[in-house]
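# Chain and residue survey
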Amino acid sequence: MTSFLKLSLCIAFLYTPHAVDTKILEQHLGLACACVCAKAQIQIPHEYFEILYVLHTDQDKGDGNLKYILTGDGAGSLFIIDENTGDIHVAKKLDREEKSLYVLRAKAVDRKTGRQVEPESEFIIKIHDINDNEPKFTKDMYTASVPEMSGVGTSVIQVTATDADDANYGNSAKVVYSILQGQPYFSVDPETGIIKTALPDMSRENREQYQVVIQAKDMGGQMGGLSGTTTVNITLTDVNDNPPRFPQSTYQFSSPESASLGTPLGRIKANDLDVGENAATEYSISNGDGSDMFDIITDEDTQEGIITIKKQLDFENRMLYSLRVEAANTHPDPRFFHLGPFKDTALVKVSVEDVDEPPIFSRSSYIIEVDEDAKEGTIIGQVIAQDPDTTKNAIKYSVDRHTDLDRIFNIYSGNGSIFISKPLDREETPWHNITVIATEINNPKQSSQIPVFIRILDINDHAPEFAKYYETFVCENAKAGQLVQTVSAVDKDEPPRGHKFFFELVPEFAVHPNFSVVDNKDNTAGILTRRNGYSRSKMSTYLLPVLIFDNDYPIQSSTGTLTIRVCACDSRGNMQSCNAEALLLSAGLSTGALIAILLCIIILLVLVVLFAALKRQKKKEPLIISKDDVRDNIVTYNDEGGGEEDTQAFDIGTLRNPEAREESKMRRDVIPETIFQIRRTAPLWENIDVQDFIQRRLKENDLDPTAPPYDSLATYAYEGNDSIANSLSSLESLTMDGNQDYDYLSDWGPRFKKLADMYGGDDSDRD
């Protein structure tokens, strides 16, 4: 027998399905015990722990001289060898999903010499898979949606689960899908994991959310296989499978007849079980006796129909209207037409409420034409208004004077006839726009207005006249028949056939010796010379009266006078000079002489003005030349007196006692040379009223011959003495010899008790 290391696999398998067939090994190796050659592959269950591998060589005599050594993947950690016997143990749990193949090398050496007794042998250990991993889904939770009313078998979503076990070894990794929750609405394909609808015509309106639990089981779904689950949340999306429906068949609304156009009367809504675009509804009026009086619009936000007024309502004309309103989906789905019409109708009744309305005119406006020569009081037209209410209140008419400030027109309040109050003039105002007011007599708050446009028709009451002022001249060397001026005319009137003017000389000058008038038949005329040559020295200016008349009825005419000056012209007829200077120059008076004469006149005027000014300076000087003149100076005293104890600053008692004033005091409003004595007047201090006192003083001042000729300020400070209690003031105490007795204050009652306590009593108390 050849000498080589033999691996004896005396294996005690606890996992018998993977036991090695020793008879086959004996046939190949000729050994009583199964041995493996230098390279061998050993397959073991990947979770087997108590497996014993035996390495043995023929050189081992059992005396312990040989030592077995194991190297390679997992040697010393996963696989441990008994160096004396060659037994190999698995030290840890094996995991094929972590590592499925191990390469090991074994050798035997002499303990004493350390020499390897046989060549090193290599063997491979492959880990067999067992079903120790359950299937796992790619997501813990799935979300999907499917349209409602979908047919059976409609695909919803596909779920996927994976198994970490070896797919090539047995059925450990073969996954089968099944549904645990969600039946009978949904099903799942056991091989692909595709979830499908299982019931027809599922309605979102009945139920919108579904939760489906899917199981994935390995081992082909056989008993004992491992499994995993996932949850799928399925939502039914909406389709337009429901028509709009009105919750009631009849609606009632009311509106006052005075409501303006476009006023909303109310809202109606047809409910649609669908959502979003599928619930969009459009409203319309299909028929009814009020279809032309009302309109309906759709509120896009609330999906409501808003009924509005289309034409003005009139209670007296009709009190009740009926409308047939239709609501229809704007986006119907043809797939569901078989479910019925996707629209609904409802009856809407609108009642009109009566209100007190203002008068209504027979027209929206009036246009009246009147000749401008119409007499005052002439009726030019009539406006008519009536009360639209059933009461038919009486109406009175008036003119809004803000539109007729000149009061040219007036109106009869009873029948609305408009008449003229003042003369008309079309040339001044061709149109008058006034406003007429109609008011109910029983209810003045109800009124209405109407514009009245009055056109003033023209009559031929103005005569034509020259279109402008013409500056006409004729040359001294003019020839007979020469045109010197073309004139035209204007007329303030406006005849219907247009203007037509005629020109001729006035009858007194029908045959003018110097000029002639030729009518051009186009509303113009030419002025021609009738002789050769004109002389400025003999006649510098000619006046030519021209008669102008129109062609209207009655014919109006006027006379316009042309002023024709004689001028010096050159040989071509261009004017050179027409003024008087040229004549003076021809007489020998130069321009310098004229300027000298003008300067002399100016100097004389200046001297006269200076003389007059000097004469005025010798006037009498003013009466008051003092700096203290009250007209020119304001003296301000900002001193504060000492009260009634201040007896030195000013004797104020004089103000309160007119008899104490100074006997003689000079006036300051006259010059010192003429001093008048102050007139004495009778004493007025006995029982006289203050107002009467001031009036008398004012009269005396007005009649005073010494009063200044300008305005002056006279101040009167006088307090009457009519009070029964006399004066309570202490201002006059300075003019009295003794102390004032205030004991009488105690007799005046409780209101004066405080004063009696303050001023009454003994002198010692007051001290």
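A brief structural summary. (Residues numbered from 1 in each chain as written. Predicted model: local features only at pLDDT ≥ 70, side-chain atom pairs only at ≥ 80, totals over all residues. Heavy atoms only, no water.)

### Points about the packing of aromatic side chains
Counting across every chain of the model gives 14 aromatic pairs. Between Phe79 and Tyr102 the ring centres are 5.4 Å apart and the planes differ by 80°, which places this aromatic pair in the edge-to-face class. Of this pair, Phe79 sits in strand β6 (residues 79-81) while Tyr102 sits in strand β8 (residues 101-110), placing them 23 residues apart in sequence. Note on accessibility: Phe79 and Tyr102 belong to one class, buried. Taken together, Tyr185, Phe186 and Tyr210 form an aromatic cluster joined through their ring pairs. One Lys or Arg, Lys99, reaches over the ring of Tyr102 and ends 5.7 Å from the middle of that ring. (Phe/Tyr/Trp six-rings, centres within 6.5 Å; stacked < 30°, edge-to-face > 60°. Helix = DSSP H or I, 4+ residues; strand = E, 2+ residues; numbered from the N terminus. Buried < 20%, exposed > 50% of the residue type's maximum accessible area, 1.4 Å probe, protein only. Lys NZ or Arg CZ within 6 Å of the ring centre and 35° of its normal.)

### What to know about the sheet that holds strand β30 (residues 395-399)
Reading across from one edge, β27-β34-β33-β30 is the order of the four strands in this open sheet, with mixed pairing throughout. A single partner strand is all that each edge strand has here, and the edge strands are β27 (366-371) and β30. Pairwise comparison of adjacent strand axes, ignoring direction, gives a mean angle of 30° for this sheet. (Pairing = 2+ DSSP bridges. Axes fitted to C-alpha atoms, helices over the stretch in contact; angles between N-to-C directions.)

### Some words on the pattern of salt bridges
Counted by the stated rule, this structure contains 15 salt bridges. Note that Glu83 is salt-bridged to Lys67, the shortest N-O span being 3.7 Å. Linking Glu83 in the loop between β6 and β7 (87-90) with Lys67 in strand β5 (residues 66-72), this pair joins segments that are 16 residues apart in sequence. You can call Glu83 partly exposed: its relative accessible area is 34%. Note that Asp238 is salt-bridged to Arg204, the shortest N-O span being 3.0 Å. Here Asp238, found in the loop between β18 (227-237) and β19 (250-256), pairs with Arg204, found in the loop between β16 (194-197) and β17 (209-217); they are 34 residues apart in sequence, far enough to count as distant. Residues joined in a network through salt bridges with shared partners are Arg426, Glu427, Asp458 and Glu494. (Salt bridge = Lys/Arg side-chain N within 4 Å of Asp/Glu carboxyl O.)

### Quick notes on the state of the cysteines
Tallied over the full model, the rule gives two disulfides. Through a disulfide, Cys475 is tied to Cys569; the S-S separation comes to 2.0 Å. A torsion of -85° about the S-S bond marks the disulfide between Cys475 and Cys569 as left-handed. Note that Cys475 is positioned in strand β36 (residues 472-475) and Cys569 in strand β42 (residues 557-569), a separation of 94 residues in sequence. An identical accessibility class is assigned to Cys475 and Cys569; each is buried. One disulfide in the model links Cys567 with Cys578; its S-S distance is 1.4 Å. Classification of the bridge connecting Cys567 and Cys578 rests on its S-S torsion, roughly 120°, and on that basis the disulfide is right-handed. Of the two residues, Cys567 is situated in strand β42 and Cys578 in the loop between β43 (575-577) and α2 (580-586); the sequence distance between them amounts to 11 residues. The pair Cys567 / Cys578 is uniform in exposure class, with both members buried. (Disulfide = S-S within 2.5 Å.)

### Focus on the pairing of β27
In summary, the side chains of a regular strand alternate between the two faces of the sheet. Alternating positions in β27 separate cleanly, Tyr366, Ile368 and Val370 being buried on one face and Ile367, Glu369 and Asp371 remaining unburied on the opposite face. The pairing of β27 with strand β34 (residues 447-457) spans six bridges and is parallel. Each bridged residue has a counterpart across the sheet, and for Asp371 the counterpart in β34 is Leu457.

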